[in-house]
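The chain contents come next:
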Amino acid sequence: LDHLSEVGALRDDARAARAEVEATWNGARLKLGDLVQRASADAAQAAAGQVTRIAERARDTARLTAFLLAAAVSLAVLFAVLARLLVVVPLLRAARGLADAEAGRPVINQRETLRELDGIAQSIAAFAATLQEVRQRTIELDAASRSKSDFLAMMSHEAVSYTHLAGDSQMTLP
């Protein structure tokens, strides 16, 4: 009978332990579920914030791109208008005047045609002078670059020589 009562007590203890383990397990599952929900919520908020920042950057990039495109188109139109006014129209007038002169027809506006040809010649001369100046500056910069390279090579060689001499010396500090 004692054995039966011991078995019954052990069974009761096992049931109590099992109930305690189940209660602990259920509590842990609930806490883990809460942690997972919080982590998911935090991740969703972080992702939403990141998506918002990315969307803002995309909008800023789109605005900048639109502005740059508009500026490029405006500059292209301005360049085309200026090229037409400053180059094409004077050349056409000059060509028309020269063709009229060669054909023996009277040149209607000879003074303006000569002025336009003179302006074109001055523009070409200014361009040639600028080009020559650029070439001269390029030669000067190349010479300066070579001088700098030679100086650095010499200093590097000197530093190596002094390092070698210092390594060979038997100097000691007092």
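Just so it is clear, the structure is predicted and the values come from calculations on it, not from any experiment.

1. A word on the overall build of the protein
Inference 1: Across its full length, the protein carries 2 helices and 0 strands.
Inference 2: The burial tally for the protein puts 4% of its 174 residues in the buried class.
Inference 3: Summing over all exposed atoms, the protein offers an accessible surface of approximately 15,200 Å²; the carbon and sulfur share of this is 65%.

2. A look at the pattern of salt bridges
Inference 1: On inspection of all chains with the given rule, the structure shows 5 salt bridges.
Inference 2: A salt bridge links Asp 12 to Arg 15, with the shortest nitrogen-to-oxygen separation between them at 3.9 Å. Highlighted residues: Asp 12 and Arg 15, both in helix H1 (residues 2-102), separated by 3 residues, approximately one helical turn.
Inference 3: Taken together, the shared-partner salt bridges connect Glu 133, Arg 137 and Glu 140 into one network.

3. Points about the environment of Thr 138
Inference 1: With respect to the helices and strands, Thr 138 occurs in helix H2 (residues 110-168).
Inference 2: Within the structure, the side chain of Thr 138 is placed 2.7 Å from the backbone oxygen of Val 134, a separation counted as a polar contact.

About the thresholds
Residues numbered from 1 in each chain as written. Predicted model: local features only at pLDDT ≥ 70, side-chain atom pairs only at ≥ 80, totals over all residues. Heavy atoms only, no water. Helix = DSSP H or I, 4+ residues; strand = E, 2+ residues; numbered from the N terminus. Buried < 20%, exposed > 50% of the residue type's maximum accessible area, 1.4 Å probe, protein only. Areas by Shrake-Rupley, 256 points an atom, 1.4 Å probe, with all protein chains shown as cover. Salt bridge = Lys/Arg side-chain N within 4 Å of Asp/Glu carboxyl O. Polar contact = N/O pair within 3.5 Å; in protein donor to acceptor, adjacent residues only side chain to side chain.

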